Amino acid sequence: MLAWTIYLSFAGALVLALLPKDKPSLARWLALAVAAAGLALAVQGFIAGMGQGRTVLVDLPWVPSMGIHFLLAADGISRVLVLLTGLAAVAGVLFSWNIELRTNEFFAFYLALIGGVYGVFLSFDLFLLFVFYEIAIVPKYFLIAIWGSTRREYAAMKLAIYSFAGSAMVLIGLLAAYTTAGSHSTGLIELAHANLSVSFQMWCFPLVFTGFAILAGMWPFHTWAPTGHVAAPTAASMLLAGVVMKLGAYGCLRVGIALFPRGLDPWGFSFSGIGSWRDVFAVLAVIGIVYGALVALAQTDFKFVIGYSSVSHMGFVLLGLMTLNQIGMTGAVLQMFSHGIIAGLLFAIVGRIVYDRTHTRQLAELETMHLSKRLPFAAWAFVIAGMASIGMPGFSGFIAELQVLVGAWMVRPWWTLAAGVGVVVGVAYTWRALQKAFFSDILPSAHLLEQEHEHNFAAITWQEVTGVGLLAGVSLFVGLYPKILLDAIEPAVKALLAGGVQ
Amino acid sequence: MNYADLFRVTLPETALEIAALLVLIVDLGFLRKVALKVRVAVAALLGVAGCGAALWTLQASYGAGYSFDGDLVLAQGGYVAVAQAGILVLTALTLLLLIDSNFTRHAGEFVAVVLMAASGGLLVASAQDLLVIFIGLELLSLGLYILTAFAKQSGKSAEAAIKYYLFGGMSASLLLFGFSYLYGMSGSTSLPKVILGTYLSASNGGTPLLLIALVMIAAGLGFKVAAVPFHLWAPDTYEGAPAPAAAFIASVSKVASFALLISISTVTLHFLDSFHTTGFVTFTVIPAGVPRPPIVFGFRSTWPLILAVLSVASMVLGNFAALAQTSVRRLLAYSAIAHAGYILLGLAFYSWSNRSANAVLYYILTYGLTTIGAFGVVSVVERATGSDRLDSFLGLHKRNPLLAAVLGVLFLSLAGIPPLVGFWAKFNLFAAVLGVSAGPIPFALVALAVAMSAVSLYYYLQVLKRAYVMPAIDETPIKAHPVTMAVLVAIAAAVVVLGCFPALLQGWIESFYPIL
């Protein structure tokens with residue numbers, strides 16, 4: 001049934017694209033229905049898959065002469081990420097209820113993107129995975145370029161070019177692996193068992209890993225992320241940070257690490273403590289964590305704070321992957337889920353609840369608006385989201401980052417120490433944004449006070465309440481009862497570490 | 001000499017010529033007083049019928065081809081049949097796009113010239129003899145010069161034609177010069193004998209002569225496929241020629257020329273197959289210390305090198321020059337140069353089995369289809385706005401949503417975004433290149449090609465950005481002729497369907513030319 005998430009999303013996109021332009025509310029409800037049906041399928045698939053390993057959903061020959069299969073399957077990691085996609089999709093529709101410009105096209109692109117994301121998480125054929133991965137690029141471009149804000153055309157083109165450059169690297173790796181393996185198949189399992197030589201894996205691994213990691217926001221290739229997130233309309237930034245960056249991290253895990261495990265072996269020599277690709281990428285991840293946090297601390301635009309915080313939090317995912325041990329990688333997958341939920345929530349609050357009412361994201365201007373009094377819902381929602389984001393125990397982020405840090409300590413303690421600095425700075429920038437945007441005690445000028453009385457902000461809608469409740473509830477639930485996801489993730493990670501995708 | 005054989009093998013060409021004459025007779029003889037629209041429609045439909053008839057005779061006639069004195073002159077079946085079918089289908093599509101145009105009052109002549117040029121293309125695709133190759137190329141090229149100049153009221157059209165003609169004449173003379181050297185070295189004009197002759201002659205110290213000949217031939221054929229540095233005519237011609245003529249040049253002429261390159265590459269590897277004789281291979285054991293005899297550079301070692309150089313130059317220059325274009329036609333011209341670069345890579349690393357031939361055929365056929373559609377969209381927009389500047393595409397999604405959707409599908413396919421056919425064509429081609437040899441050099445070249453296609457996304461998105469993102473200046477709807485619209489939608493649908501089910505076309509090609 002999980003495979004229907006893909007078909008349903010693309011069918012929904014097609015129907016919405018053909019819908020008459022003058023029925024925006026029909027388009028919204030249809031999009032919500034499709035997204036909710038996707039979530040229902042994801043939940044059903046997650047529950048049905050509990051305690052099971054990899055299950056094949058669909059396996060059809062696609063291009064027989066080249067051994068390419070339309071092979072959809074799901075293991076614990078896939079199911080968790082499909083669940084995340086379903087949640088993010090529903091929340092994204094709820095938070096874009098106020099899109100008035102070309103509504104049906106917006107949701108058509110939106111669902112096409114969602115369909116591509118579902119497809120990547122469920123593909124177990126490298127070629128198919130790549131196809132879905134690229135399908136997701138084009139809708140992103142149009143979502144940002146048409147419905148975005150600040151420098152949208154620049155940000156959209158930058159995002160598209162970065163994504164396409166990354167996928168070009170992946171394509172080169174795919175072609176190389178396919179021709180070198182000579183197994184006449186592009187199935188992930190067949191390629192993993194093809195006994196690719198160590199020297200081949202040594203250069204193919206960094207190529208493919210970097211290609212995917214560009215989309216995961218790895219420093220120094222992260223620069224598309226803040227500009228893209230800021231320019232994107234709320235739902236698109238929720239998806240970008242929530243699931244699209246996870247596509248990159250998922251590719252790093254499923255393709256980079258699973259197909260080319262020997263690429264992580266030591267080189268045999270070391271240069272100032274760096275003796276393998278694993279060290280290289282772990283160091284880049286740590287730099288991303290600290291750098292993202294420090295830059296977030298200095299931002300004047302509220303959305304940029306969240307944008308850079310995403311870079312920092314995605315660093316934890318990459319660091320977790322590079323630990324190559326059970327606890328660290330489990331943490332990385334859980335962090336993908338957790339950050340997807342929390343980043344979605346933060347972007348929803350900043351982009352939709354606050355910005356669409358105040359029409360500014362400058363912290364200096366928000367400071368004078370007394371938002372804690374005028375928008376108490378937004379303030380409290382941000383308090384909860386901020387707590388979740390800084391890794392407060394009880395929220396999903398805590399258990400995920402803790403596992404990553406423990407895993408990193410087992411490999412190189414200084415990774416943990418450096419990443420710990422990032423956590424502390426994370427508290428600082430979240431606190432700073434919270435304080436400035438909502439709880440500032442700067443007195444407004446008389447003129448502003450007058451304005452405040454004249455027009456109150458629009459009331460909080462039920463869609464916003466539902467969306468915030470959904471995302472915050474999930475983060476809290478997973479934080480209190482992480483076992484529900486860990487039970488799915490741990491066996492899958494164990495199988496992956498044991499070699500082979502099985 | 002067996003004329004019955006010749007007639008049987010050239011039935012498709014004959015069908016096209018008869019159709020061309022028929023179009024002229026009907027148009028000039030019976031329809032002189034009739035409205036131009038009707039004349040254009042009748043001429044185009046007769047032309048399409050001619051293509052259909054040729055296609056039918058093509059399917060009816062698989063055989064050994066036509067030989068003279070034991071040397072194969074015109075090949076038949078296999079990749080030749082695929083290329084010829086492609087030429088006929090693409091010609092028919094070009095003619096259907098003509099129905100909506102008004103650049104000329106001489107509809108009959110235009111269609112007749114298109115058909116004659118297409119028959120030249122058929123000859124080029126099947127020729128296995130230097131003289132027939134040259135004659136076929138000239139028949140094709142002369143038609144193209146005329147078609148380029150057909151918009152008599154337009155100065156640009158005349159300018160484009162004269163540039164095309166001058167470059168074309170020059171490159172034809174270079175080609176003939178190269179052929180004459182090859183004939184001198186081998187004493188034959190039949191391709192397998194020529195290839196064998198180059199080895200024999202090169203082993204007798206004729207290598208410099210061979211190099212000159214091959215460079216000359218590369219110049220001549222590089223002109224036909226618009227490979228850098230012989231591409232200078234392409235932007236001007238694509239910009240100035242009437243839209244159906246430009247579409248014809250960009251698709252049919254390319255298919256024919258690449259089919260010729262496939263012939264040359266195939267014969268290069270398989271030239272011994274055609275002699276049907278038993279031979280002896282002598283081995284000499286060279287003791288250590290004795291100097292090794294010099295390695296003989298024949299056709300096989302030089303030709304792929306030249307193709308690879310052309311390929312790299314075309315990919316790089318085509319893609320980067322396209323970034324700076326403001327005219328969509330010129331943009332398509334530079335993108336055509338870039339695509340020629342990718343295909344040349346597939347020809348430079350050519351496999352003994354038919355895999356490479358099929359991959360190149362797949363690429364050129366789907367590219368031809370896409371590019372005809374792209375020119376169709378450009379011509380509709382051009383007629384409504386009077387220009388092919390990027391800015392005339394502003395707000396297309398409001399002015400004609402269907403046309404904008406077709407444009408989106410075609411351009412994304414050209415950029416190589418899955419699940420459209422352009423992606424599969426590229427993947428298949430690059431996989432074939434790496435299948436021949438996975439050494440560092442082919443690998444680096446494929447990496448370059450993939451990187452260059454990432455660059456290409458930028459300029460294709462420039463057009464789509466104007467169609468979908470940027471605000472419209474003028475929101476009056478753009479109307480297109482229903483036939484044009486139907487053809488364009490059908491092409492876009494084919495691009496999507498063939499992309500989602502790549503095995504369809506692949507299987508069709510393999511049914512003619514099975515992979516060994």
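For the structure, check the block above.
Residues numbered from 1 in each chain as written. Chains lettered and ligands numbered in written order. Predicted model: local features only at pLDDT ≥ 70, side-chain atom pairs only at ≥ 80, totals over all residues.

A few words on the overall build of chain A. When helices and strands are counted, chain A shows 22 helices and four strands. Its C-alpha radius of gyration of 22 Å places chain A within 12% of the 23 Å reference for a compact globule of 502 residues. Overall, chain A is about 75 × 55 × 40 Å in size when its C-alpha atoms are taken along their principal axes. For chain A, the proportion of its 502 residues judged to be buried stands at 62%. Nonlocal contacts in chain A, meaning residues at least 24 apart in sequence, comprise 80% of its contacts between residues at least 6 apart. (Helix = DSSP H or I, 4+ residues; strand = E, 2+ residues; numbered from the N terminus. Rg over C-alpha atoms; globule rule 2.2 N^0.38 Å. Buried ≥ 20, exposed ≤ 12 C-beta atoms within 10 Å, placed from the backbone. Contact = placed C-beta atoms within 7 Å.)

Before going further, it helps to spend a moment on the overall build of chain B. The helix and strand inventory of chain B stands at 19 helices and two strands. C-alpha atoms of chain B, sized along the principal axes, occupy 85 × 50 × 40 Å. The buried share among the 516 residues of chain B stands at 60%. A separation of at least 24 residues holds for 80% of the contacts in chain B among residues at least 6 apart in sequence.

With that settled, consider unusual backbone geometry. Each neighbour pair has its own omega, and for Trp219(A) with Pro220(A) the value is 5 degrees, a cis peptide bond. For Pro220(A), the location among the structural elements is in the loop between α9 (198-215) and α10 (224-231). For the peptide bond that leads from Val228(B) to Pro229(B), omega is 5 degrees, which places it in the cis range. Mapped onto the elements of the fold, Pro229(B) is located in the loop between α8 (191-225) and α9 (233-240). Not every positive phi belongs to a glycine, and Arg102(A) is a case in point at roughly 45 degrees. Inspection of the secondary structure puts Arg102(A) in the loop between α3 (76-95) and α4 (103-122). Residue classification places Arg102(A) among the partly exposed positions, given that 18 C-beta atoms sit within 10 Å. Despite not being glycine, His359(A) has its phi angle at roughly 60 degrees, a positive value. Considering the arrangement of structural elements, one finds His359(A) in the loop between α14 (326-358) and α15 (363-366).

Now for the interface of chain B and chain A. Contacts between the two partners involve 25 residues from chain B and, on the opposite side, 27 residues from chain A. Those elements that place two or more of their residues in the side of chain B that touches chain A are α16 (421-436), α17 (440-469) and α19 (503-512) of chain B. With 12 residues, α17(B) is the largest single contributor of residues to the side of chain B that touches chain A. Here the side of chain B that touches chain A is composed, by residue class, of 21 nonpolar, two polar and two charged. (Nonpolar A, V, L, I, M, F, W, Y, C, P; charged D, E, K, R; others polar.)

What follows concerns α10(A). All names here are of chain A. Burial analysis of α10 places eight of its eight residues in the buried class, the great majority of the element. Within α10, burial applies to Trp224, Ala225, Pro226, Thr227, Gly228, His229, Val230 and Ala231. Taken together, the buried residues of α10 touch α6 (137-147), α7 (152-181), α11 (234-259) and α13 (302-323).

Moving on, we get to the environment of Leu498(B). Residue and element names in this part refer to chain B. In this structure, Leu498 sits in helix α18 (residues 482-500). Look at Leu498 and you get buried, because 25 C-beta atoms sit within 10 Å. Sequence-wise, Leu498 and Thr366 are 132 residues apart; in three dimensions their C-alpha atoms are separated by 8.8 Å. Ignoring sequence-local partners within four residues, the contact set of Leu498 consists of Thr366, Val421, Leu504 and Leu505.

Residues and elements named next belong to chain B. Between its terminal C-alpha atoms helix α15 (residues 401-415) stretches 21 Å, which fits the 21 Å expected from 15 residues at 1.5 Å a residue. Residues of α15 that are buried: Leu403, Ala404, Val406, Leu407, Gly408, Val409, Leu410, Phe411, Leu412, Ser413, Leu414 and Ala415. Downstream of α15 by a residue or two, Gly416 has a phi angle that is positive, lying close to 85 degrees. (Expected span 1.5 Å × (residues − 1).)

Looking now at the packing of helix α18 (residues 396-411) of chain A against helix α19 (residues 413-437) of chain A. Residue and element names in this part refer to chain A. Running from amino to carboxyl end, α18 crosses α19 at an angle of 150 degrees, the nearest separation of the two axes being 6 Å. Considered as vectors, α18 and α19 are oriented roughly antiparallel to each other. Contacts between α18 and α19 pair Glu401, Leu405, Ala408, Trp409 and Val411 from the former with Pro413, Trp415, Thr416, Ala419, Gly420 and Val423 from the latter. For the contact of α18 with α19, the residue count by class is eight nonpolar, two polar and one charged. (Axes fitted to C-alpha atoms, helices over the stretch in contact; angles between N-to-C directions. Parallel < 35°, antiparallel > 145°, perpendicular 65-115°, else oblique.)

Moving on: the pairing of strand β3 (residues 266-271) of chain A. Residue and element names in this part refer to chain A. With respect to burial, β3 is a largely exposed element, only zero of its six residues being buried. As paired elements, β3 and strand β4 (residues 274-276) share two bridges and run antiparallel to each other. Bridge pairing in β4 links Phe271 to Ile274. Here β3 hands over to β4 after two residues, with Ser272 in that stretch at a positive phi of 45 degrees. (Pairing = 2+ DSSP bridges.)

Okay, the nonpolar core next. Ranked by internal contacts, the top residues of the largest apolar core, which has 416 residues, are Ala216(A), Leu318(A), Leu319(A), Ile349(A), Val111(B) and Val360(B). Those residues in contact with Ala216(A) that lie beyond four places of it in its chain are Met245(A), Gly248(A), Ala249(A), Cys252(A), Met314(A), Val317(A) and Leu318(A). (Core = buried A, V, L, I, M, F, W, Y, C linked by C-beta atoms within 7 Å.)

Pairing of strand β1 (residues 66-68) of chain B with strand β2 (residues 71-74) of chain B involves three bridges; the strand directions are antiparallel. In the sheet register, Tyr66(B) faces β2(B), and the bridge partner there is Leu74(B).

These results come straight from atomic positions and should not be treated as a statement about function.
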